Structure formats: structure tokens, C-alpha cells
Amino acid sequence: MAYTEEQIIAKRPTKVIYREGDTVVKLFNADYSKASVLNEALNQARVEETGLHLPKILEVFKIGDQWAIRSEYIAGKTLQQLMDENPDKMQEYLDLFVSLQMEIHTMRAPLLTMLKDKMHRKISSSSFEATIRFELHTRLEGMPKHQKVCHGDFNPSNVIITEDGTPYILDWAHATQGNASADVARTYLYMILQHNEQIAKDYLKLFCKKSDTALQYVQNWMPIVAASQSVKENSKEELEMLSRWVNVVDYV
């Protein structure tokens, strides 16, 4: 089976995403971990059971020596595209974005990986010196334990709005169960790394207001989340920015 350039929806460092009829095929690099592919499919299947709007997994298969995941194709525009095309509606889109994230956090999926466990592993494999890792582990262990569904990479590019206005949430590869404020901190840092500092601040302020969450409570997660994100393939600039967040102890 060979796909053409015209079928490409998106390219990422570890995978290419193609459209095939009314389905989407996510084709991973040959050296991509089999366990990671199967875990991503399993995560999405588990979140499907919550009733949230997301593309359903149809099959996991191989093309030659490459693993692939096939799921439903959802026609529409991403929330990021709509924000870029209609900057005058930014507040309306942010409000929808926050409401969707809050809806995710009301769900439960007891078989998902615990967020705390995943973050402990990532902090352990980070390049920060031992004393910083120890402090981060201690801080993480002291955080309140929740079992809310957390997307793990919730950003406007992972929300598609269909023609009838129904929002669908994509890319559940990093889904866990845990503290919602960690998920919010991850979204905030994503926006900062994308150089959307004002939008990031507006998003965080709006989330805290709508969810009645103290700003400082979310900020306490920032060093932990930044450290866990540092183990990804980041640019030098992004690593420097994440390191600054890791080293922040007190917030103004």
C-alpha cells in the first residue's frame, strides 16, 4: 500500500498522517516503538468509552516494517485555523477551548496511566542535576491526587470544529488520569513555546475563572510539567525556556 503526497494531512518528525477516503492513517517511522503505537491506540480506545467527541480507532496494522493506526476522518477546521482566520473572535474561541478542556476533566477512565507515575518517570530521565530532580519528585508527590482524564497535549490544533459546529478532540497519545491543573499547565506552556504569550495568559486567566481554580495552584505545576516536557525532542530555544520554568520556585 502506497500513499501519495496529495493524501498527506500533516507531517511530524516520527510520523506522517494521510487521508484515505473517510479514514485517517497515521503511519509511524520504522524505528518508532511498537509499544508506543499500541499504547496510543489503547489510550484513544479507552477515552472513546467516556462518550467525548473524538475520532474512533478502526484498526492498528502494519505496512511493511511500519506500524499504522487507522481512525475516522473528521471534516472541519481546527480551532487554531479558526483563531488565525478570525482574530476578532478570539475570546469566543478561547471560551469554547476552555469549556472543552473542563468537559474532558469531568470524565473518568480508570485504566489510563496515572499522570503522577508518568511524570515521575520523565523527571527521572531528564537532564537536570540530581538536586533539582529530587526537589521536583518531592513537589510532585506532594500534589493532590486526582483521577480526572487529562489530555496531555490539549491545544487548539487538536480540536476540529465540524460544519455543524460540533467540536472533536484529536490526538490522545499522551492521555492520563490525574490532576487537571497539570493538564492546564501543559497547555499554557505549549502556548508560551508557540510564542503566543498573550493568548497563553488569557487562556490561563479564563480557565481559572471558569473552573474556580486558584492561579497559584496551576502555577505550582509549571516546574514539574516543564521538566517532563524537557525530555522530548525540543529545539535549543525551547529547552532553555523550559529550563527557566523548572528553575522558578516562587511566582509573582
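Thresholds, definitions, all that
Residues numbered from 1 in each chain as written. Predicted model: local features only at pLDDT ≥ 70, side-chain atom pairs only at ≥ 80, totals over all residues. Heavy atoms only, no water. Buried < 20%, exposed > 50% of the residue type's maximum accessible area, 1.4 Å probe, protein only. Helix = DSSP H or I, 4+ residues; strand = E, 2+ residues; numbered from the N terminus. Contact = heavy atoms within 4.5 Å. Expected span 1.5 Å × (residues − 1). Arc of directions from axis to C-beta. Axes fitted to C-alpha atoms, helices over the stretch in contact; angles between N-to-C directions. Left-handed = near helix turned anticlockwise from the far one by under 90°. Nonpolar A, V, L, I, M, F, W, Y, C, P; charged D, E, K, R; others polar.

Colleague: Is there a simple way to think about helix α9 (residues 222-229) in this case?
Modeller: Along an α-helix, residues three or four apart share an orientation, since each turn contains 3.6 residues. Where burial is concerned, most of α9 is hidden: 8 out of the 8 residues are buried. Buried residues of α9: Met222, Pro223, Ile224, Val225, Ala226, Ala227, Ser228 and Gln229, and no others. Looking at the buried positions of α9, the neighbouring elements they touch are α4 (115-124), α5 (130-141), α6 (180-193), α7 (197-211), α8 (215-219) and α10 (236-246).

Colleague: Would you mind going over α5 with me for this structure?
Modeller: In this model, α5 (12 residues) spans 16 Å end to end at C-alpha, consistent with the 16 Å of a helix rising 1.5 Å per residue. When we look at burial in α5, the residues that qualify are Ile132, Leu136 and Leu140. Viewed end-on, α5 has its buried residues packed into an arc of 70 degrees, placing them on one side of the element. In this structure, α5 carries Ala130, Thr131 and Phe134 as exposed residues pointing more than 90 degrees from its buried face. Elements that come into contact with the buried residues of α5 comprise α4, α9 and α10.

Colleague: What is the right way to read the packing of α9 against α10 from this model?
Modeller: Between two packed helices, what matters for the description is the angle formed by their axes and the separation of those axes. It is at 8 Å that the axes of α9 and α10 come closest, and there the two elements cross at 145 degrees. The element α9 and its partner α10 pack so that their crossing is left-handed. In this structure, α9 uses Met222, Pro223, Ala226, Ala227 and Gln229 to contact α10, whose residues at the interface are Leu242, Trp245 and Val246. Among the residues forming the contact of α9 with α10, the class breakdown is 7 nonpolar, 1 polar and no charged.

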